[in-house]
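Summary of the model geometry
Listed here are the chains, written in short residue letters.
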Amino acid sequence: MTEVLTAEQMRAIEQAAIKSGAVSGLELMERAGRGVVEAICDKWPEFSVGSVAGGAAPRPAAVPRDISEKLKRAAVLCGPGNNGGDGFVVARLLKERGWAVKVFLYGDAAKLPADAKVNYQRWCELGAVQALSTVTFEGDQIWLLTDLVVDALFGTGLTRAVDLPLVALDAEPAVGHTHQVVAIDLPSGLCSDSGRVIGEGAVQADLTVTFHRRKCGHVLADGPEYCGSVVIKDIGLAPTAEVGGQSRPVWRDAPDAGVLAKGQGAHKFTHGHALILSGGAGRTGAARLAARGALRIGAGLVTLGVPPSVQMEVACQITALMLQRVGEAGALREILSDDRINAVCLGPGLGQERARELVPIALQNHERAVVLDADALSAFGDDPQALFDMLHNKCVLTPHGGEFARLFPDIAQRLAEPALCGPAYSKLDATREAARRAGATVLFKGADTVIAEPDGACSVSAAIYDRSAPWLATAGAGDVLAGFITGLLARGVAPHEAAATAAWLHVGCARSFGAGLIAEDLPEQLPKVFSDLGI
Ligand SMILES: NC(=O)C1=CN([C@@H]2O[C@H](COP(=O)(O)OP(=O)(O)OC[C@H]3O[C@@H](n4cnc5c(N)ncnc54)[C@H](OP(=O)(O)O)[C@@H]3O)[C@@H](O)[C@H]2O)[C@@H](O)CC1
Ligand SMILES: [K+]
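Scope of this entry: the structure provided in the associated data block. (Residues numbered from 1 in each chain as written. Chains lettered and ligands numbered in written order. Predicted model: local features only at pLDDT ≥ 70, side-chain atom pairs only at ≥ 80, totals over all residues. Heavy atoms only, no water.)

1. A look at the coordination of the potassium ion (ligand 2)
- Those donors, Asn83 (OD1), Asp151 (O), Phe154 (O), Ile184 (O) and Leu186 (O), are the protein atoms that reach the potassium ion (ligand 2), and they lie 2.6 to 3.0 Å from it.
- Written as a sequence motif, the donor residues of the potassium ion (ligand 2) are N-x67-D-x2-F-x29-I-x1-L. Taken as a pair, Asp151 in strand β7 (residues 148–152) and Ile184 in strand β8 (residues 180–184) lie far apart in primary sequence, 33 residues in all.
- Among the residues examined, Asp151 registers a relative accessible area of 0% and is labelled buried. (Donors = N, O, S within 2.8 Å, 3.2 Å for Na, K, Ca; no water. Helix = DSSP H or I, 4+ residues; strand = E, 2+ residues; numbered from the N terminus. Buried < 20%, exposed > 50% of the residue type's maximum accessible area, 1.4 Å probe, protein only.)

Below, the structure written as structure tokens:
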């Protein structure tokens, strides 16, 4: 788990380091620029060729002669703040490595912040600076005849739409020529906190190099699409305690094997008993998927609660799962009188009418964990507050975008409004606000899944970059996720941890199976994913 930072949090960390005397702003900028050049050379080995002041950079053996020995050309676009300052450092370092570098400045050099101005002046001793304007974009289109465009226009300080045709940087290259685009900290035009494009457009980068930690904008909304790939460079900032503002969201890496392993000598009740409620005839598949997920993830026992009319339909399809008739409210009350059932899942295929009847019963015992998904959420679209009034701290809601909008229409609307200024309202903000209002854990699904608690604690578990899982967009995948969460809750994992771990494993299963995935495959991949985790 690593922190994901907002612009404000990053600034606070930087300021704390400078104030402590541990490092100067100028030194941080130098390290940032150096980190960018390193990342460029790592990603494109052919770019690492050239002379470095004090010695020649090694030529990778794999690079053919004719490519490696051509003079490399870079266009560095610098903005009016410290992101621009990083750009001047990169320009200088590339020049020292033998590149032909053209530098453009958007804004007034006299108004650059102090550290950026120092690096502007250092660059001026090496080369010229041309003014960057819309005309430059329309005019000589320098980036079409370069090998590398360095976007140092705006980073965490973006406050409004950029008045430049940034999409032109991604224009079709000249015939027989390609150029790469590297963004410093963030692609300009992308909001660091929300991952949303402020205004009309943002730079489409091939590589984004950021510092110290990921920013929220790298992992949310449009961020992954615009960032290309993200490299995080250490610039020597120490991990710091939270400074003001909200708690820092965390990025979920692989779960701790210790949480998922089963100890020796345990019996099935040690790992809990999950009850998954099913809907009526022809609608039992979703609950069966969830139940299979709960069982595979390690719940000791999993029972499907089905209306009497579908008992045969379901019985024909299951083996290790157990079956109980749960017709109306009274039947559920009776089965839940068994305290060993410690986690319940309602929603997948349940039907809204059945959900309205059964959800209140399932929520009565505040010691029992409850996952509410699909119909169990939509059923309360007319009166979300009635649902919120029944929730407690062992509940997990797992809405997708449509269900989220039904329960939290005002929050969803705010999130959908165009982002006109930065920092813009984000999915993290929205999920936190929803969790606070609901008084329960909310897992807001998507490629950028966010999990939030009423107290503001927040995780991102996303299917992006090297964990992208396009085949996960398939019918029934959400039902399996609800089952995974329910199974972990039955095993005694706390709600936030259960939701975040399940989300990570869900993506892991999809990636492990690969192309052709359907929902049924997800639980069946868990043994392999567990094994890869050393469990
Ligand atoms: N924090 C750290 O630890 C480190 C940070 N570092 C680097 O600093 C970067 C942050 O620097 P920063 O705060 O100066 O912000 P930055 O993005 O350069 O822009 C601010 C300027 O742009 C202006 N402006 C905004 N939007 C605009 C628009 N649409 N169109 C026109 N102008 C607009 C804004 O004007 P204002 O809103 O004040 O009118 C202000 O003048 C960070 O991303 C990283 O690269 C590294 O050096 C290493 C350590
Ligand atoms: K940038």
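2. Looking at the packing of helix α10 (residues 285–296) against helix α21 (residues 521–532)
- Orientation of α10 relative to α21, taken along the N-to-C sense of each, is 20°, at an axis distance of 9 Å. One finds that α10 runs roughly parallel with respect to α21. Two packed elements cross with a definite hand, and for α10 against α21 that hand is right-handed. In this structure, α10 contributes Leu289, Arg292, Gly293 and Arg296 to the contact, and α21 contributes Pro523, Glu524, Leu526, Pro527 and Phe530.
- For the contact of α10 with α21, the residue count by class is five nonpolar, one polar and three charged. (Axes fitted to C-alpha atoms, helices over the stretch in contact; angles between N-to-C directions. Parallel < 35°, antiparallel > 145°, perpendicular 65-115°, else oblique. Left-handed = near helix turned anticlockwise from the far one by under 90°. Contact = heavy atoms within 4.5 Å. Nonpolar A, V, L, I, M, F, W, Y, C, P; charged D, E, K, R; others polar.)

3. Let's talk about the packing of aromatic side chains
- The final tally for this structure, using the stated rule, is seven aromatic pairs.
- Taken together, a centroid distance of 4.0 Å and an interplanar angle of 5° make the contact between Phe404 and Phe444 stacked. With Phe404 in helix α16 (residues 401–407) and Phe444 in strand β19 (residues 441–444), the pair connects residues that are 40 residues apart, well separated along the chain.
- Exposure remark for Phe404: the relative accessible area of 1% places this residue in the buried category.
- Through a chain of ring-to-ring contacts, the aromatic side chains of Phe388, Phe404, Phe408 and Phe444 assemble into a single cluster.
- Just above the ring of Trp504 sits the side chain of Arg467; from NZ or CZ to the centre is 3.9 Å. (Phe/Tyr/Trp six-rings, centres within 6.5 Å; stacked < 30°, edge-to-face > 60°. Lys NZ or Arg CZ within 6 Å of the ring centre and 35° of its normal.)

4. Considerations on the site of ligand 1
- By nearness alone, 22 residues border ligand 1, and Asn83, Asp86, Gly155, Arg160 and Asp185 come closest of all.
- Here an oxygen atom of ligand 1 sits 2.6 Å away from a polar atom, N or O, in the main chain of Gly155.
- Taking 940 Å² as the accessible area of ligand 1 by itself, protein coverage stands at 80%.
- Put simply, the parts of the chain that give the shell around ligand 1 at least two residues each are α1 (7–19), α2 (25–43) and α4 (82–96).
- Considered class by class, the residues forming the shell around ligand 1 number 11 nonpolar, seven polar and four charged. (Near = heavy atom within 4 Å. Polar contact = N/O pair within 3.5 Å; in protein donor to acceptor, adjacent residues only side chain to side chain. Areas by Shrake-Rupley, 256 points an atom, 1.4 Å probe, with all protein chains shown as cover.)

5. Side note on the packing of helix α20 (residues 495–513) against α21
- Put simply, α20 and α21 touch, their axes get as near as 8 Å, and they point 95° apart. With respect to each other, α20 and α21 are oriented roughly perpendicular. Only Asp521, Leu522, Gln525, Leu526, Lys528, Val529 and Phe530 of α21 make contact with α20, whose side of the interface consists of Trp504, Leu505, His506, Gly508, Cys509, Ala510, Ser512 and Phe513.

6. Concerning the pairing of β7
- Extensive coverage of β7 is indicated by the burial of five of its five residues.
- Here β7 shows a buried face lined by Leu148, Val150 and Ala152 and a second buried face lined by Val149 and Asp151.
- As judged from the five bridges shared by strand β4 (residues 73–78) and β7, these two strands associate in the parallel manner. Directly across from Cys78, in β7, lies its bridge partner Ala152.
- Pairing of β7 with β8, which is carried by four bridges, proceeds in the parallel orientation. (Pairing = 2+ DSSP bridges.)

7. A word on helix α5 (residues 114–124)
- Among all positions of α5, only Ala116, Asn119, Tyr120 and Trp123 are buried. Each buried residue of α5 sits inside an arc of 110° when the element is viewed along its axis, so together they form one side.
- Of the surrounding elements, those touching the buried residues of α5 are α2, α4, β5 (100–105) and β6 (129–131). (Arc of directions from axis to C-beta.)

8. Re the environment of Ser512
- Checked against the element boundaries, Ser512 lands in helix α20.
- For Ser512, a relative accessible area of 25% translates into the label partly exposed.
- For the pair formed by Ser512 and Ala469, sequence separation is 43 residues and the distance between their alpha carbons is 9.5 Å.
- Ser512 has contacts with Gln525, Lys528 and Val529, leaving out every residue within four places of it along the chain.

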